[in-house]
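If you want the building blocks of each chain, they are given just below.
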Amino acid sequence: MLKRFAQCLLKPLLRTALAVILSVTAMTAAQALTAEEQETLQDLNAYFNSVKTMHGDFIQFGPDGSQSDGKFYMARPGKVRFYYNKPSVLDIVADGTSVSVRDRKLNTQDIWPLGQTPLRFLLSDDINLQKDTNVTNVLVEEDLVTVTIFDKTKFNSGTLTLIFDAKDYALKQWTVTDQQGYDTSVAVYNVVSNGPTNPDLFKIDYLSNARQNQN
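About the criteria used
- Position numbers for residues count from 1 along each chain, tracking the sequence in the order it is written.
- For this predicted model, a pLDDT threshold of at least 70 governs which residues receive local features, and a threshold of 80 or more governs which side-chain atom pairs are given and counted, while totals over whole chains, interfaces and linings are taken from all residues.
- Processing note: side-chain calculations cover all non-hydrogen atoms of the structure and skip hydrogens and water entirely.
- To qualify as a helix, a DSSP run of H or I must reach at least 4 residues; to qualify as a strand, a run of E must reach at least 2; elements of each kind are numbered from the N terminus.
- Think of it in three bands: residues with accessible area under 20% of the maximum for their type are buried, residues over 50% are exposed, and the middle band is partly exposed, with areas taken using a 1.4 Å probe on protein chains only.
- Among the buried residues, those of types Ala, Val, Leu, Ile, Met, Phe, Trp, Tyr and Cys that are joined through side-chain atoms within 4.5 Å form a nonpolar core.
- Throughout, a residue-residue contact means that at least one pair of heavy atoms, one from each residue, lies within 4.5 Å.
- Two strands form a pair only when DSSP identifies at least two bridges running between them.
- Any carboxyl oxygen of Asp or Glu within 4 Å of a side-chain nitrogen of Lys or Arg constitutes a salt bridge here.
- Each pair of aromatic rings taken from Phe, Tyr and Trp, with Trp reduced to its six-membered ring, is defined by centres within 6.5 Å and is described as stacked if the planes are under 30 degrees apart, edge-to-face if over 60, and tilted in the remaining cases.
- In this scheme, Lys NZ or Arg CZ marks a charge over a ring once it lies within 6 Å of the ring centre and within 35 degrees of the ring normal.

> How should the overall build of the chain be read in this particular structure?
The secondary structure content of the chain amounts to six helices and eleven strands. Of all 215 residues assigned to the chain, the portion counted as buried reaches 48%.

In structure tokens, the structure reads:
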């Protein structure tokens, strides 16, 4: 079940149940954002682009209410790792080109192109939520800013909801809603920004995947 959650995170994603929004509707909504909402997106862009590395803890909530947690490490552009604590055996790695979901117990992994997952929004070298995404809603509250994005890839389509701190624009949580209306949410905490990282954290064993496909 946890592996299914991880795949939901990547396929329709990081994978608020919402009905599927047609791409034309999403583009129209993006164009209708107010000046204040546009300014908020610019501030979020500025924050994101100032953060090159990040690490901390995360907790993931699945569609059936199940929970898992672990450590995450990020290095932009393109690199992230989610290491799940036991009893989960998952390890998710993006190396700048691909994203792998590895089962540490079975020693198997599935690989997808990074550009076909919603992770690309958070890991690109120059993040521009206005230009590169179909933003359908920006909600500014006293404590939080919520940005809703319609995401369409060749794998699937769905909605990505990003939640930020309203004061410093730090990312707090994201939710992926797939076409069936199932939510997968990830909340991050104890976050350290622009600290040192280990490049070895973001390596994918492609040879292992090749051997797996031969069997």
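> It is not clear to me how the nonpolar core should be interpreted in this structure. Could you clarify?
The nonpolar side chains of a soluble globular protein tend to be buried, and buried together. Ranked by internal contacts, the top residues of the largest apolar core, which has 42 residues, are F82 and W174. Sequence-distant contacts of F82, defined by excluding residues within four places in its chain, comprise F58, K71, F72, L90, D91, I92, L119 and W174.

> Sorry, what's going on with the pairing of strand β1 (residues 53-61) here?
A regular strand carries its side chains on alternate faces of the sheet. The pairing of β1 with strand β2 (residues 67-75) spans nine bridges and is classified as antiparallel. What sits directly across from G56, in β2, is F72. Here β1 hands over to β2 after five residues, with G65 in that stretch at a positive phi of 90 degrees. Here β1 pairs with strand β11 (residues 183-193) via seven bridges, running antiparallel. Looking at the pairing, I59 lines up with A187 of β11.

> How should I be thinking about the pairing of strand β3 (residues 79-84) in this particular structure?
For β2 and β3, the ladder comprises six bridges, and the chain directions are antiparallel. By the bridge assignment for β3, Y73 is matched with R81. Taken together, the five bridges between β3 and strand β4 (residues 90-95) define a ladder with antiparallel strand orientation. Looking at β4, one finds that V80 is bridged to A94. In sequence, β3 turns back onto β4 through a hairpin of five residues.

> Just to check I follow, could you spell out the environment of V176 for this structure?
Examined against the element boundaries, V176 turns out to sit in strand β10 (residues 171-177). Under the relative-accessibility criterion, V176 is labelled buried at 1%.

> How do you make sense of the pattern of salt bridges when you look at a structure like this?
A side chain of one charge can pair with a side chain of the opposite charge when the charged atoms of the two come close. Per the counting criterion, the structure on display carries three salt bridges. For D57, the salt bridge is made with K71, and the minimal N-O distance between the two is 2.7 Å. Highlighted residues: D57 in strand β1 and K71 in strand β2, separated in sequence by 14 residues. Residue D57 is classed as buried on the basis of its relative accessible area, which comes to 12%.

> Even after reading the chapter, I still don't get the side chain of S100, so can you show me in this structure?
Along the chain, the position of S100 falls in strand β5 (residues 98-103). Take S100: its relative accessible area is 2%, and that puts it in the buried class. Ignoring any residue separated from it by four or fewer positions in sequence, one finds S100 in contact with D91, I92, V93, Q109, D110, I111 and I204.

> Would you mind showing me how to read the packing of aromatic side chains here?
For any two aromatic rings, the description comes down to two numbers: the centre-to-centre distance and the angle of the planes. Counted according to the given criterion, the structure contains six aromatic pairs. Look at F82 and W174: their rings are 6.1 Å apart centre to centre, the planes differ by 70 degrees, and that puts the pair in the edge-to-face class. Separated by 92 residues along the polypeptide, F82 in strand β3 and W174 in strand β10 bring together distant segments of the chain. Each member of the pair F82 and W174 is classed as buried. Aromatic ring contacts, followed pair by pair, group F58, F72, F82, Y84 and W174 into a single cluster. It is R104 that lies over the ring of Y83; its NZ or CZ is 4.1 Å from the centre.

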